[in-house]
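For reference, the chains in residue letters:
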Amino acid sequence: MMRAFTVQVGPVGFRVGSAWSGPIRALDWLYADYPKPADGIPDFTVRLEPVSALRRWVRPSVAIRGDFMLPDAVPTSLAHGLLAAEMAMNLQVAMGERRFLLLHASSVERDGKVLLMTGESGSGKSTLSALLGEKGWRFMGDEFALIEPETGLAFPFPRPVSLKNEAVAEMLRHVAAERLGPEMVGTPKGDIRHLKPPTEAIRRMGESGKPALLLFPRFGLARDVRPVPPSEVFVRLTQASTNYTMLGERGFEALTNLVQRIPACAIDYPDTETALALVDELWAELT
Amino acid sequence: MRDARILAWVLADPSRAAQLRPHQWTAMLTIAQAERLLGTLAHRLAGLDVPETAARVLDRARRAAETDRRQALWEAEMARQALAPLGLPVLLLKGTAYLAAGMDAGRGRLVGDLDILVPHDRMDDAEAALLAAGWEWVKQDDYDDAYYRDHMHELPPLIHKARDRMIDVHHTILPLTARARPDAAALIGDAVDLGNGLSTLCPEDMVIHAVLHLFADGDLSGGLRNLWDIDRMLREFAESDGFWDRLLARSRHHKVTRYVSRALRLSHHIFETPVDPYLAWQGRRGDLFYTGRLLARNGWGQDTAKLLRFAFYLRSHWIRMPPLMLARHLFTKWRKGHQPIR
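Bear in mind that the values here come from a model prediction, so they are computed numbers and not experimental data.

1. Brief notes about the sheet that holds strand β11 (residues 161-164) of chain A
Residue and element names in this part refer to chain A. Here three strands make up an open sheet; going across it, the order is β11-β13-β12 and the pairing antiparallel. In the strand order of this sheet, the two ends are held by β11 and β12 (184-187), each with one partner. The sheet shows a mean angle of 35 degrees between the axes of neighbouring strands, direction not considered. Strand direction decides the pairing type here: β11 and strand β13 (residues 190-195), joined by four bridges, are antiparallel. Bridging from a neighbouring strand, L163 pairs with R193 of β13.

2. Details of the packing of helix α1 (residues 5-12) of chain B against helix α2 (residues 22-34) of chain B
Residues and elements named next belong to chain B. One way to put it is that α1 packs onto α2 with a least axis distance of 9 Å and a crossing angle of 90 degrees. On the basis of the axis angle, α1 is roughly perpendicular to α2. In this structure, α1 contributes I6, L7 and V10 to the contact, and α2 contributes Q24, M28, I31 and A32. For the contact of α1 with α2, the per-class residue count stands at six nonpolar, one polar and no charged.

3. Section: α2(B)
Taking 1.5 Å of rise per residue, the 13 residues of α2(B) would be expected to cover 18 Å, and the 18 Å separating its terminal C-alpha atoms lies within 8% of that figure. What α2(B) keeps buried is the set B:Q24, B:W25, B:T26, B:A27, B:M28, B:L29, B:T30, B:I31, B:A32 and B:Q33.

4. Quick look at the domain arrangement of chain A
Residue and element names in this part refer to chain A. Annotation of chain A at the domain level lists domain 1 (3-96) and domain 2 (101-286). The centre of domain 1, based on its C-alpha atoms, is set 24 Å off from the matching centre of domain 2. Of the roughly 2200 Å² buried at the junction of domain 1 and domain 2 (both faces included), carbon and sulfur atoms supply 70%. Summed over the three residues of domain 1 that lose the most area to domain 2, namely W29, Y34 and L83, the buried surface amounts to 24% of that side. Taken together, domain 1 and domain 2 are joined by one salt bridge. The partner of R159 in a salt bridge is E86, with the nearest N and O atoms 2.9 Å apart. Counting across the domain 1 and domain 2 interface gives seven residue pairs in polar contact (both at pLDDT 80 or more). Those elements that place two or more of their residues in the side of domain 1 that touches domain 2 are β1 (3-9), β2 (12-18), α1 (21-30) and α2 (81-96). Take the side of domain 1 that touches domain 2: its biggest share by element is nine residues, from α2.

5. A few points about unusual backbone geometry
Negative phi values dominate among residues other than glycine, just as trans dominates among peptide bonds. All names here are of chain B. Not every positive phi belongs to a glycine, and R36 is a case in point at roughly 55 degrees. Positive phi, close to 50 degrees, is recorded for A305, a residue that is not glycine. Counting through the fold element by element, A305 comes out in the loop between α14 (287-294) and α15 (306-318).

6. Quick look at the pairing of strand β7 (residues 113-118) of chain A
Residues and elements named next belong to chain A. Among the six residues that make up β7, five are buried, leaving the element largely enclosed by the rest of the structure. Both strand β6 (residues 101-110) and β7 contribute to a ladder of six bridges, which runs antiparallel. By the bridge assignment, S107 is partnered in β7 with L116. Strand direction decides the pairing type here: β7 and strand β14 (residues 210-219), joined by five bridges, are parallel. Across the sheet, the residue bridging to L115 is L213, located in β14.

7. Considering the layout of surface pockets
Residue and element names in this part refer to chain A. In this structure, the second largest pocket occupies an estimated 740 Å³ of space. Lining the second largest pocket are 34 residues, with S121, G122, S126, S162 and K164 positioned closest to its centre. When the residues that make up the lining of the second largest pocket are grouped by side-chain class, the tally is nine nonpolar, 12 polar and 13 charged. Looking at which domains feed residues into the lining of the second largest pocket, each of domain 1 (3-96) and domain 2 (101-286) supplies at least three.

So, how was this worked out
Residues numbered from 1 in each chain as written. Chains lettered and ligands numbered in written order. Predicted model: local features only at pLDDT ≥ 70, side-chain atom pairs only at ≥ 80, totals over all residues. Heavy atoms only, no water. Pairing = 2+ DSSP bridges. Helix = DSSP H or I, 4+ residues; strand = E, 2+ residues; numbered from the N terminus. Axes fitted to C-alpha atoms, helices over the stretch in contact; angles between N-to-C directions. Parallel < 35°, antiparallel > 145°, perpendicular 65-115°, else oblique. Contact = heavy atoms within 4.5 Å. Nonpolar A, V, L, I, M, F, W, Y, C, P; charged D, E, K, R; others polar. Expected span 1.5 Å × (residues − 1). Buried < 20%, exposed > 50% of the residue type's maximum accessible area, 1.4 Å probe, protein only. Domains from an automatic or database assignment. Buried area = accessible area lost by both parts, 1.4 Å probe. Salt bridge = Lys/Arg side-chain N within 4 Å of Asp/Glu carboxyl O. Polar contact = N/O pair within 3.5 Å; in protein donor to acceptor, adjacent residues only side chain to side chain. 1 Å grid on protein atoms, 1.4 Å probe; cavity = no way out; pocket = protein on both sides within 12 Å on 5 of 7 lines; lining within 4 Å. Points joined across faces, edges and corners; volume = space filled by probe spheres on them.

Next comes the structure, spelled out in structure tokens:
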């Protein structure tokens, strides 16, 4: 017996089935402003199932299943059901997408030009994209940037932003608390709250932009800016892409084109104010 | 959607897709993905008018199958180069064979491992040559390793350290412990040379191998895809005169007529395959259980019919091993905390 939820995010439609109503209610709230899959057919199916019949009721434990699965995926507690759904949806895209080159990067757009930010978990790329999305940029996504190989354009995938640990307090300085979802404490990734993107970002989630600048942010270090040579950018982006090898020659061409066309910088920053100032500076230098 | 019938129904006749409503599309695509038949479905529906999202899903699957095809054929070529110095031709089995021979069964099909057949007395040479060429043992314990070597019809799986692809080196097409004993020398003796250092089994043996792989080599996981392979081969090979007679004779020679007969009936029942009535009429008890097991998947992609699945899991061991050996095997696996069902 499955409770169902569907949603369209950018070019991808999802169907989530859950053995429990909790995660579905949370998804309904978080994605209230999003449209449903256009012709009623989702791209990917995700299932949240009890690991065994007993664990539906006793200390409920959520197994993450779906079209694409990791054999060694660790079950989560029902309290973290929303996170499980989000992870499962990301996994479908990461493993299943073949049309776009997928970069593990956040992205924001201004005047039709796109700023891409990529880095390890904790680099601040998520928080930066969410902040920029409140300050005159169009938020395009905090998790994946979708590059269309044939055109080189970046397409939005504006999921709710997953804010971790101290990023929650930081974000609350800039946005109304009503836009933040329930706090999930002690997840494998720390304490997490989801942020609803601006409605503008959702309304325009079909609009692509031209990549113009790539940043490798690192949080927690003294202010520093270093240009990154194309060869290094290439290697780092192959690692940041979940489907680069699956795309074969198309992936190689998409990535080499991107790397040769746009400048890239590594930026270190001790706080968000410094980061935002750096972004403004580097963006102004482009034109 | 109660079971996977909707997928079989459209695979058998793609024009039926025009009648599907959105929720049926969703169920069919999900089931196809779970049964590893989405690339196949994409090929069957190519050129037909389908809803936009379905077209997007099918396009992904088509691209995935194309990548898979290229990798599988490259892997076959790598094996050919590794075994060439031994004077061993690479006799391809299953998916890679269908692709290399350009058969209908290969269209859109995903291929996991590379399966090849090598004469029993050359297994040690083949193993050494593959190890020298960069394949290495998948880490496993002594029991599993000894089990493979003493009782199975293949070497323990090898994986290539750079390309991360698996090769299964078989010396026959059924475990040595199984009750049926196909004629391995005839399999190799009648192989068909593809002219590029690669070869496949002859058409009748290809069908028989697919049949044994379906019934006698596991618990019918992925069975719908394996049955689809059989449907495609039967339709393609039946175009040549005398195929059904040759298939009957060959089945008798390998002493597996019962299995072949059942596969024909199930393929006819599920995929509407035209089959030879005489060959398909060799005992038919239990077909309903097989049909139920093969279609045991709902519109969410979930496994259904848990009890039937478990029964087939037990059966897969029962037909593979004599009772005492089975008891010892299950006890060892249980002590190691092996999960009986995926």
